[in-house]
Amino acid sequence: SQQGEEDPQALSIQEGENATMNCSYKTSINNLQWYRQNSGRGLVHLILIRSNEREKHSGRLRVTLDTSKKSSSLLITASRAADTASYFCATAPNYGGATNKLIFGTGTLLAVQP
Amino acid sequence: EAQVTQNPRYLITVTGKKLTVTCSQNMNHEYMSWYRQDPGLGLRQIYYSMNVEVTDKGDVPEGYKVSRKEKRNFPLILESPSPNQTSLYFCASGGQGRSPLHFGNGTRLTVT
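So, here is what we can say about the structure in this document. In this text the structure is predicted, and so the values were computed from the model without any measurement. (Residues numbered from 1 in each chain as written. Chains lettered and ligands numbered in written order. Predicted model: local features only at pLDDT ≥ 70, side-chain atom pairs only at ≥ 80, totals over all residues. Heavy atoms only, no water.)

Description of the interface of chain A and chain B
Reasoning step 1: Counting from both sides, the interface comprises 26 residues of chain A and, opposite them, 25 residues of chain B.
Reasoning step 2: A buried area of about 2000 Å², summed over both sides, lies between chain A and chain B, and 47% of it is on carbon and sulfur atoms.
Reasoning step 3: Taken as a group, Leu-43, Asn-100 and Lys-101 of chain A account for 28% of the area that chain A buries against chain B, more than any other trio of residues on that side.
Reasoning step 4: Our count for the contact surface shared by chain A and chain B stands at 1 salt bridge. (Contact = heavy atoms within 4.5 Å. Buried area = accessible area lost by both parts, 1.4 Å probe. Salt bridge = Lys/Arg side-chain N within 4 Å of Asp/Glu carboxyl O.)

Shown next as structure tokens:
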């Protein structure tokens, strides 16, 4: 079953505005990752936040993690038309042993209007 | 350039005709995985491999086979494809531990 659920399913904003996407998950995690997918293409890793971290930045991206609420948010500041894509959160379950298994949500489709 | 290469990019076939989708990575990653992506369902894991000759089922393995004879290659085999396997398929690889995954560009499969 899907662990990550993104909200909203779709988001349309104007260039220059900020975009915020949320992700909720169900079980204990080792880390949470955000990926971007341009239409029909492969996913590209954006940022990874570990379970003991609360906030992380990378360029125009800001990710927060609240393990007590089992939720994360991705903020894209000063959006550009090129940010138009689907964004997925993926959780790495906190199983014993080293595994790269990720459980993906259903994604948020972001459209940035020029 | 570090990459995951899938072939073919598009594939149209008929029910029951065996097919193989190839996947190769050049990053010496031990972990490789196959996902399928369907509208409204996100990405679901089909099979994964932790190393050569070590494979295991993901969440939706029915109707699929995999093999891992070499570290760099992880083909996905559909012995008898059915229309419900029409989907967008992604191969991914990852380094040790719970590190990020690198994805191929996808194979869009249509089974008629």
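Anyway, onward from the coordinates.
A look at the state of the cysteines
Residue and element names in this part refer to chain A.
Reasoning step 1: Counted according to the given criterion, the structure contains 2 disulfides over all chains.
Reasoning step 2: A sulfur-sulfur distance of 2.0 Å marks the disulfide that ties Cys-23 to Cys-89. In this structure the cystine formed by Cys-23 and Cys-89 twists about its S-S bond by roughly 65°; its chirality is therefore right-handed. Here Cys-89 lies in strand S9 (residues 85-93) and Cys-23 lies in strand S3 (residues 19-24), a separation of 66 residues in the sequence. The burial state of Cys-23 is the same as that of Cys-89; both residues are buried. (Disulfide = S-S within 2.5 Å. Helix = DSSP H or I, 4+ residues; strand = E, 2+ residues; numbered from the N terminus. Buried < 20%, exposed > 50% of the residue type's maximum accessible area, 1.4 Å probe, protein only.)

Describing the environment of Asp-56 of chain B
All names here are of chain B.
Reasoning step 1: With respect to the element layout, Asp-56 can be found in strand S6 (residues 54-57).
Reasoning step 2: Considering only alpha carbons, one finds Asp-56 and Gly-95, 39 residues apart in sequence, at a separation of 17 Å.
Reasoning step 3: Ignoring sequence-local partners within four residues, the contact set of Asp-56 consists of Tyr-47 and Tyr-48.

Observations concerning the pairing of strand S3 (residues 19-25) of chain B
Residue and element names in this part refer to chain B.
Reasoning step 1: With respect to burial, S3 is a largely interior element, 5 of its 7 residues being buried.
Reasoning step 2: Here strand S1 (residues 4-7) runs beside S3; their pairing, made up of 4 bridges, is antiparallel. The residue bridging Val-4 from the neighbouring strand is Gln-25, located in S3.
Reasoning step 3: Both S3 and strand S8 (residues 76-78) contribute to a ladder of 3 bridges, which runs antiparallel. In the strand pairing of S8, Leu-19 is matched with Leu-78. (Pairing = 2+ DSSP bridges.)

Brief notes about the sheet that holds S8 of chain B
Reasoning step 1: Sheet architecture is open: 4 strands sit in the order S1-S3-S8-S7 (chain B), paired in antiparallel fashion. A strand with exactly one partner marks an edge of an open sheet, and here the two such strands are S1 and strand S7 (65-66) of chain B.

Side note on unusual backbone geometry
A negative phi holds for most residues other than glycine; trans holds for most peptide bonds.
Reasoning step 1: Along the chain, Asp-7 of chain A connects to Pro-8 of chain A via a cis peptide bond; the corresponding omega equals 0°.
Reasoning step 2: Along the chain, Pro-8 of chain A falls in the loop between strand S1 (5-7) and strand S2 (10-14).
Reasoning step 3: Omega for the peptide link from Asn-7 of chain B to Pro-8 of chain B comes to 0°, which places this bond in the cis form.
Reasoning step 4: As for its placement among the helices and strands, Pro-8 of chain B is situated in the loop between S1 and strand S2 (10-13).
Reasoning step 5: In this structure, Lys-70 of chain A is a non-glycine residue whose phi angle is positive, near 55°.
Reasoning step 6: Within the secondary structure, Lys-70 of chain A is located in the loop between strand S7 (61-66) and strand S8 (71-76).
Reasoning step 7: You can call Lys-70 of chain A partly exposed: its relative accessible area is 29%.

Concerning the sheet that holds S7 of chain A
All names here are of chain A.
Reasoning step 1: Strand order in the open sheet formed by 5 strands is S1-S3-S8-S7-S6, with antiparallel pairing between adjacent strands. Sheet topology places S1 and strand S6 (55-58) at the edges, where each strand pairs with a single neighbour. On average, adjacent strands in this sheet sit at an angle of 20° to one another, irrespective of strand direction.
Reasoning step 2: Pairing analysis gives 6 bridges linking S3 to S8, with the strands arranged antiparallel. Bridge assignment links Asn-22 to a residue of S8, and that residue is Ser-73. (Axes fitted to C-alpha atoms, helices over the stretch in contact; angles between N-to-C directions.)

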